[in-house]
Amino acid sequence: MEKHQVHDATLTDYADPQIDQLLKYSVRNQLESLLKAKLTTTQRQQALTQSFVDAMTLVLSTEPVQHAQLTAAFEAMYEHAVQSMAMAELSEELLTRQYISATGLIMSPLNCRHTIKDIYRIQGYVKGIDKAVRAMASRKEKLTILYPACGPFAPLLLPLLSYYKQHQYFDEKQLQVILVDLQPGAVQSLRQLVSDLNLQDYISEITEQDATTYEPKESIDLLVLEAMQHGFTKEGQLSIARHLVKYLTIDGWMIPQSVSIRGMMVLGETEFNQQWKQAEYSHSKNRHRAALDDRVELGELLHIDKSSLLKMEEITLADEAKVIPANQIILPTDVHDMSKRILAIYAHITTFAEEQVDQYDSGITHPRPDMTFYVDTRPQDVEHTHFVANSGDTVQFYYQLSGLPGFVPTKV
Ligand SMILES: C[S@@+](CC[C@H](N)C(=O)[O-])C[C@H]1O[C@@H](n2cnc3c(N)ncnc32)[C@H](O)[C@@H]1O
């Protein structure tokens, strides 16, 4: 759940004393870790690389690995990455700048640093990328991989490249990676990290650009993208994917291969509280049978893959707002307690082949309650943001492409 917690910060939050505290904590943390580690540059770089390789060894292991072991390995990777970020000497402005662009939230490098600890998201992606690279490398001499919105640590690829390099699985003649991020602070950190990991030969370009308009100079074999938040809101995954999918070779793959966004009507207390009382940590395998049986699934709202992205049509409304038509669902009539239920929207991610990021494995697949969607009941004061419907109604969903992307339900 790490990711969606940090994701909820906005630019205005920096006036908030709690966030100022976070910044102080982070800077102090970085300074302390530098002091603590009285290492030479070479020793620091070796320890960094080893922490990346160790985390990947566990993630790719075919033997069962304990959660505690993974947590320790990812924490070590995080600490070393933060140390490298400290060496990049970002100004406070570059570290904390966060804003809403025309297509979504542009998170600050300070907040993005946590995504390297999002264990099961990284595992789902890395296992998928590894399978895709191996499958493609068996029929192609050189693969070009594009990773837009990669953040300051590019955590879905840099650890895997370190692992490939150490084991001599793939060299720089076989794999070339382009890293794109809009934040100058993320780019500065990336340059430091790539150099610390001695991965320069694998990286053809690190570029500070908007991924929704960036035009790669060569065709792309693998597009690795994760710019999502829970409920498929806030970040610009869809806008970035729609733009960049055009640059994939005819047999190129997008990772994730598919994202299925689905809706369900749940009792908030059962789904979000009772279900997790005994759970050691948030993960799809720790979901509770009774809570799963209690859900009322509404079906798929939107399916995103290479072919659906290429076909997707955009509608521009009178006020210039742009939307993508999503699916229609029919609200079931046989649910006795529908008026007590809330809509929760969640993503199911297939990264490649059978590799997945399932519900609750990460903040990005955590079901997001929508408190503006009412069925068989009405809010006391109806506001324009509320949607009020009855069991049996047909609801057409649209996906709004804006600085705050998300689903908009309408009654048919
Ligand atoms: C949550 S962080 C990094 C997530 C990263 N993909 C990962 O797997 O951990 C989000 C990053 O995406 C970048 N970003 C968001 N929208 C972007 C866009 N349209 N173009 C380029 N970078 C973007 C932000 O600048 C930020 O560094």
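Calculation rules
- Residues numbered from 1 in each chain as written.
- Predicted model: local features only at pLDDT ≥ 70, side-chain atom pairs only at ≥ 80, totals over all residues.
- Heavy atoms only, no water.
- 1 Å grid on protein atoms, 1.4 Å probe; cavity = no way out; pocket = protein on both sides within 12 Å on 5 of 7 lines; lining within 4 Å.
- Points joined across faces, edges and corners; volume = space filled by probe spheres on them.
- Helix = DSSP H or I, 4+ residues; strand = E, 2+ residues; numbered from the N terminus.
- Nonpolar A, V, L, I, M, F, W, Y, C, P; charged D, E, K, R; others polar.
- Domains from an automatic or database assignment.
- Contact = heavy atoms within 4.5 Å.
- Buried area = accessible area lost by both parts, 1.4 Å probe.
- Salt bridge = Lys/Arg side-chain N within 4 Å of Asp/Glu carboxyl O.
- Polar contact = N/O pair within 3.5 Å; in protein donor to acceptor, adjacent residues only side chain to side chain.

**Things to note about the layout of surface pockets**
So, point 1. Empty space within the largest pocket amounts to approximately 580 Å³.
So, point 2. For the largest pocket, the lining is made up of 21 residues, of which D370, T372, T385, F407 and V408 are closest to its centre.
So, point 3. Going through the elements one at a time, strand 14 (368-370) and strand 18 (406-411) are the ones with two or more residues in the lining of the largest pocket.
So, point 4. Classifying every residue of the lining of the largest pocket by side-chain character gives nine nonpolar, nine polar and three charged.
So, point 5. Composition of the lining of the largest pocket by domain shows at least three residues from each of domain 1 (2-255) and domain 2 (259-411).
So, point 6. Taken as a whole, the second largest pocket encloses approximately 490 Å³ of empty space.
So, point 7. If you go around the second largest pocket, you meet 23 residues; those closest to its centre are L70, Y120, Q123, H283 and K285.
So, point 8. Secondary structure elements with two or more residues in the lining of the second largest pocket: helix 3 (41-59), helix 4 (67-87), helix 7 (119-137) and strand 13 (355-357).
So, point 9. When residues in the lining of the second largest pocket are grouped by element, the largest group, four residues, is from helix 7.

**What about the domain arrangement of the protein chain?**
So, point 1. Parsing the protein chain into structural domains produces domain 1 (2-255) and domain 2 (259-411).
So, point 2. Taking the mean C-alpha position of each, domain 1 and domain 2 sit 28 Å from one another.
So, point 3. Contact residues are listed per partner, giving 40 residues for domain 1 and 37 residues for domain 2.
So, point 4. By the criterion of area lost to domain 2, the three top residues of domain 1 are F232, L238 and R242, representing 21% of everything that side buries.
So, point 5. On the surface where domain 1 and domain 2 come into contact, there are three salt bridges.
So, point 6. Salt-bridge contacts for E354 lead to K131; the nearest nitrogen and oxygen are separated by 2.6 Å.
So, point 7. For the pair domain 1 and domain 2, the interface holds 11 residue pairs in polar contact (both at pLDDT 80 or more).
So, point 8. Looking at the side of domain 1 that touches domain 2, the elements that each hand over two or more residues are helix 1 (2-7), strand 1 (99-101), strand 2 (104-106), helix 7, helix 10 (237-244) and strand 7 (248-255).
So, point 9. For the side of domain 1 that touches domain 2, the per-class residue count stands at 16 nonpolar, 14 polar and 10 charged.

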